[in-house]
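# Observations on the model geometry
Spelled out, the chains give:
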Amino acid sequence: MNKVAIVTGGGSGLGQAVALRLEKEGVHIVVVDIQEEGGNATVEKVKALGVDSFFVKADVSKPEEVKNYVDQTVNRFGTIDYFFNNAGISGSGKFFLDSTIEEINQIVGINLLGALYGAHYVGEVVVNNGGGSIVNTSSSAGVIGQDSVVTYSATKHGIVGLTKSLVAEYAKDGLRVNAIAPGPTETPMVKAFYEANPEMKENATRGIPQKRLGTPEEVAELVTFLLTSKAEYINGEVIRIDGGFTNTK
Ligand SMILES: NC(=O)c1ccc[n+]([C@@H]2O[C@H](COP(=O)([O-])OP(=O)(O)OC[C@H]3O[C@@H](n4cnc5c(N)ncnc54)[C@H](O)[C@@H]3O)[C@@H](O)[C@H]2O)c1
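First, a word on what this report is: a plain description of the structure on this page. Everything numeric in this text was worked out from a predicted model, so none of it was measured. (Residues numbered from 1 in each chain as written. Predicted model: local features only at pLDDT ≥ 70, side-chain atom pairs only at ≥ 80, totals over all residues. Heavy atoms only, no water.)

## Things to note about helix H8 (residues 216-227)
- End to end, H8 covers 16 Å across twelve residues, agreeing with the expected 16 Å (1.5 Å per residue, within 8%).
- Along H8, the positions that sit buried rather than exposed are Pro-216, Val-219, Ala-220, Leu-222, Val-223, Thr-224, Leu-226 and Leu-227.
- Among the structural elements, helix H1 (13-23), strand E4 (82-85), strand E5 (132-137), strand E6 (175-182) and strand E7 (238-241) are those in contact with the buried residues of H8. (Helix = DSSP H or I, 4+ residues; strand = E, 2+ residues; numbered from the N terminus. Expected span 1.5 Å × (residues − 1). Buried < 20%, exposed > 50% of the residue type's maximum accessible area, 1.4 Å probe, protein only. Contact = heavy atoms within 4.5 Å.)

## A look at the side chain of Thr-42
- For Thr-42, the position within the fold is in helix H2 (residues 36-48).
- Within the structure, Thr-42 has its side chain in polar contact with the side chain of Gln-16 (distance 2.9 Å).
- Once residues within four sequence positions are removed from consideration, Thr-42 is found in contact with Gly-10, Gly-11, Gln-16, Ala-19 and Val-31. (Polar contact = N/O pair within 3.5 Å; in protein donor to acceptor, adjacent residues only side chain to side chain.)

## Some thoughts on helix H6 (residues 188-196)
- Of the positions making up H6, those classed as buried are Val-190, Phe-193 and Tyr-194. For H6, the angular spread of buried residues about the axis comes to 95 degrees, placing them on one side. Along H6, exposed side chains directed more than 90 degrees from the buried face belong to Glu-195 and Ala-196.
- Lining the buried residues of H6 we find helix H7 (198-206). (Arc of directions from axis to C-beta.)

## Quick notes on the site of the ligand
- The local shell around the ligand holds 29 residues, among which Ser-12, Asp-33, Tyr-152, Thr-185 and Thr-187 are the closest.
- Separating an oxygen atom of the ligand from a backbone N or O atom of Leu-14 is a distance of 2.8 Å.
- Protein chains shield 93% of the accessible area of the ligand, which is 820 Å² for the free molecule.
- If you list the elements that add at least two residues to the shell around the ligand, you get H1, helix H5 (150-170) and H6.
- In the shell around the ligand, the residues fall into 13 nonpolar, 13 polar and three charged. (Near = heavy atom within 4 Å. Areas by Shrake-Rupley, 256 points an atom, 1.4 Å probe, with all protein chains shown as cover. Nonpolar A, V, L, I, M, F, W, Y, C, P; charged D, E, K, R; others polar.)

## Digging into the packing of H1 against H2
- At a minimum axis distance of 10 Å, the contact between H1 and H2 shows a crossing angle of 15 degrees. Here H2 runs roughly parallel to H1, going by the angle between their axes. For the element pair H1 and H2, the recorded crossing hand is right-handed. For the pair H1 and H2, contact is made by Gln-16, Ala-19, Leu-20 and Glu-23 and by Gly-38, Thr-42, Lys-45 and Val-46, respectively.
- Looking at the contact of H1 with H2 residue by residue, the class counts come to three nonpolar, three polar and two charged. (Axes fitted to C-alpha atoms, helices over the stretch in contact; angles between N-to-C directions. Parallel < 35°, antiparallel > 145°, perpendicular 65-115°, else oblique. Left-handed = near helix turned anticlockwise from the far one by under 90°.)

## Some thoughts on the nonpolar core
- In terms of nonpolar packing, the biggest core is built from 33 residues, with Ile-6, Val-30, Val-32, Tyr-69, Val-70 and Val-122 touching the most fellow members.
- If you list the elements that add at least two residues to this core, you get strand E1 (4-8), strand E2 (28-33), strand E3 (53-57), helix H3 (63-77), helix H4 (101-128), H5 and E6.
- Broken down by element, the residue count for this core peaks at seven residues, all from H4.
- One finds Ala-19, Val-46, Ile-180 and Val-223 within the second-largest nonpolar core, a separate group that totals 25 residues. (Core = buried A, V, L, I, M, F, W, Y, C linked by side-chain atoms within 4.5 Å.)

## Quick notes on the pairing of E1
- Of all five residues in E1, five are buried; the element is thus mostly enclosed.
- The two faces of E1 match: Val-4, Ile-6 and Thr-8 on one face and Ala-5 and Val-7 on the other face are all buried.
- As judged from the five bridges shared by E1 and E2, these two strands associate in the parallel manner. Opposite Ala-5, over in E2, you have Ile-29 as the bridge partner.
- Once the chain exits E1 it traverses H1 before rejoining the sheet at E2, and the crossover so formed is right-handed.
- Relative to E4, E1 runs parallel, the two sharing three bridges. Each bridged residue has a counterpart across the sheet, and for Val-7 the counterpart in E4 is Phe-84. (Pairing = 2+ DSSP bridges. Right-handed = clockwise from strand over helix to strand, strands pointing away.)

So this is what it looks like as structure tokens:
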């Protein structure tokens, strides 16, 4: 029987790459995004390759919208096997004291609360159905400190805590939870951020031992491995995929 996955932030970047990679495993995919156009485009691409897929528009910072995408998935497919808890924003790149409270709230609401709500509602289904796995998206900024992204970094460190502590509570119920910590990866979010802060792209590439950014396809390969049974005994890990960046800090 086909496995069932939910991918948040599935309309672009890492989420879209993971949806397209999971499709190759014959997984039914529910694409969640706040942007309809991107979400529907991913669904069309996935369906063209032969599996079932549909789009749910949701703002992950709103708990009732998170519950809705989980309910819609269960109504259609009966269960959830894999959850890529990934939707996020980078913020403006301003130093912390120049950031507004509105921006701080927005980043925390989407990146951290959105991930907690997702883990809460999906976790309930997975535990009741006897097992499944979650991959949360952290970041290099979730394992080291970095300037210009203080609030973002706080949320991504929070993702690490969510990942490790969920395992402590629910591994016995068949829930596996891991996180990825990508370095700068060539997605629309990063391109937009570097366009607004060009000096940071040069700095970033210089600081990466492999002297290039990552690709969404490289990240999708890792996420697919972690979600599926190939990684059955890997639990609570935060896997860095950053060309050596954070290990040389
Ligand atoms: N690209 C990188 O270099 C990089 C590095 C480390 C971590 N990350 C993380 O990876 C994740 C995906 O980023 P990406 O690079 O693919 O960015 P992206 O902008 O290409 O994709 C993010 C997607 O999330 C969606 N989204 C934003 N706010 C949302 C909300 N409130 N509700 C639902 N969907 C929402 C966007 O519409 C978009 O489709 C983020 O959590 C980001 O912090 C990215």
